[in-house]
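# A structural walkthrough
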Amino acid sequence: MTVELRGRVLYAHGQPVSGVQVRVFDRDAPGKGDDDLTVEAGVSDADGAFTVRFAPSKYLDVLEGGERRNPVFDWSLASLRSGRPDLTDLYQPYLEFRYEFAGRPHRHTSGLGPFRRDFRLPELPPVAFRPSTHGYPFVNRFPGYFIPFSIPSIPDIPAVNQFYGLCGGMVASSVDFALAGRAIPGEARAPRRATPLHQYIYRRQNDSLGAFGEQVVRFARWMMLPDGTAQGTHKRTHDEFEKIRASLDDGNPVPIGLVYVSAQDTLKIWENHQVLAIGYEEQPGGRVEVRIYDPNHPRRDDVVVRCERVAVGNHFLSGPPARVVTTFGLAGVQRVGDRTKRPVRGFFAMPYVPVTPPVDL
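If you're wondering where the values come from, they're calculated on a predicted model, not measured in any experiment.

All right, on to the packing of aromatic side chains then. Applying the stated criterion across every chain, the model contains 13 aromatic pairs. Considering the side-chain rings of F25 and Y94, the 5.9 Å spacing of their centres and the 20° angle between planes classify their relative orientation as stacked. Of the two residues, F25 sits in strand 2 (residues 21-26) while Y94 sits in strand 9 (residues 93-101), which places them 69 residues apart along the sequence. With respect to burial, F25 and Y94 carry one shared label: buried. Their ring planes at 35° and their centres at 5.8 Å tell us that F129 and Y293 sit as a pair that is tilted. In this pair, F129 sits in the loop between strand 11 (118-120) and helix 1 (131-134) while Y293 sits in strand 16 (residues 288-293), placing the two residues 164 residues apart along the sequence. Residue F129 shares its accessibility class with Y293, and that shared class is buried. One aromatic cluster is present, formed by Y136, F138, F142 and Y164 through successive ring pairs.

Laid out in structure tokens, this is it:
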């Protein structure tokens, strides 16, 4: 008996994906190949819809045994399929999606559920993000306090400014609008508190910091690191850039955290920043320019983090031949047009989970 399954294939943010081949497999015991239950593979159309036909009964393995070929003269075993079903074989079906993304073949699997019809791939579609088009028209400066009530100044603790930034919320929500294919809302001035746009940016700011403030802790840890050592911010930035590069090569902008300050100089963690990496250019001598959307410089396409390749230490590799290898890092400065804004001690990729913007914005 065959079963027909209808569903939809979507990108991570909910946009349909066409041309994805869908098959059904049964997960088998370790060391054994999974059973292909597919009778007729599905292919998603322009709306992401597919229909795949499969036979659940094909999952059950058949036990194999052996018998003597010719006793007395030949005692070797010959394989014999007994025809008895293996009752220990469990039915564990899953869908396999095969598709091309950024010119490379990809494979993704997803479990089946009784009422599940939408299946999301891990990728987001490419977005040609331009700050002059997709960035907010107002600067990242909101009057009042980040928390919804005022607090007094506390001795020995830096006073909280009566203006605050929502850079992480502006970055995340701008990508939300770009992925949704919608124009960025807003006027030249930042929206007032309690307006729908402010509430949405505020919500996305909290999202950018993590459910339990994990990213705040991450900023704090980077602030305590030295710069030019094998465990410092320059080396870690070099490693982070390799991850960021892969996403940018796929056409996906990446929110990044810029570490400006050191804990040796100040404890003002809010003096660090969140921006959006939208592309990069490799130049001779190991220099890299990462193009960014910076909410502090609205609608400017000429803001970059210029990184120089620097040696941060050596390590020994045993033979043959034994040799000393130099470890490199990236030291950066942020530039706006022809002007250097400030040094960047390091940067790292921040998590981004797409959200569909409210329809009333």
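This part is about the pattern of salt bridges. The final tally for this structure, using the stated rule, is 20 salt bridges. The shortest N-O distance in the salt bridge between R245 and E282 comes to 2.8 Å. Within this pair, whereas R245 is found in helix 5 (residues 233-249), its partner E282 is found in strand 15 (residues 273-282), the two being separated by 37 residues in sequence. The class for R245 is buried, based on a relative accessible area of 17%. Taking the relative accessible area as the measure of exposure, E282 reaches 49% and is therefore partly exposed. E308 is paired through a salt bridge with R287; the nearest N and O atoms lie 2.8 Å apart. Remark: R287 occurs in the loop between strand 15 and strand 16 and E308 occurs in strand 17 (residues 303-317); sequence separation between them is 21 residues.

Further remarks concern the sheet that holds strand 17. Hydrogen bonds between backbone groups are what pair the strands of a sheet, and the pairing can be parallel or antiparallel. In spatial order, the strands read 19-18-17-16-15-14-20; together these seven strands make up an open sheet with antiparallel pairing. Both outer strands of the open sheet, strand 19 (339-344) and strand 20 (346-349), are each paired with one neighbouring strand and no more. Pairwise comparison of adjacent strand axes, ignoring direction, gives a mean angle of 40° for this sheet. Across 14 bridges, strand 17 lies against strand 18 (residues 323-336) in antiparallel orientation. Bridging across to strand 18, E308 finds its partner in A331. This element, helix 2 (residues 167-180), spans strand 14 (254-259), strand 15 and strand 16 of the sheet and lies at about 55° to strand 15. Lying on the sheet, helix 5 is in contact with strand 14, strand 15, strand 16, strand 17, strand 18 and strand 20; it crosses strand 18 at an angle near 70°.

About the criteria used
Residues numbered from 1 in each chain as written. Predicted model: local features only at pLDDT ≥ 70, side-chain atom pairs only at ≥ 80, totals over all residues. Heavy atoms only, no water. Phe/Tyr/Trp six-rings, centres within 6.5 Å; stacked < 30°, edge-to-face > 60°. Helix = DSSP H or I, 4+ residues; strand = E, 2+ residues; numbered from the N terminus. Buried < 20%, exposed > 50% of the residue type's maximum accessible area, 1.4 Å probe, protein only. Salt bridge = Lys/Arg side-chain N within 4 Å of Asp/Glu carboxyl O. Pairing = 2+ DSSP bridges. Axes fitted to C-alpha atoms, helices over the stretch in contact; angles between N-to-C directions. Contact = heavy atoms within 4.5 Å.

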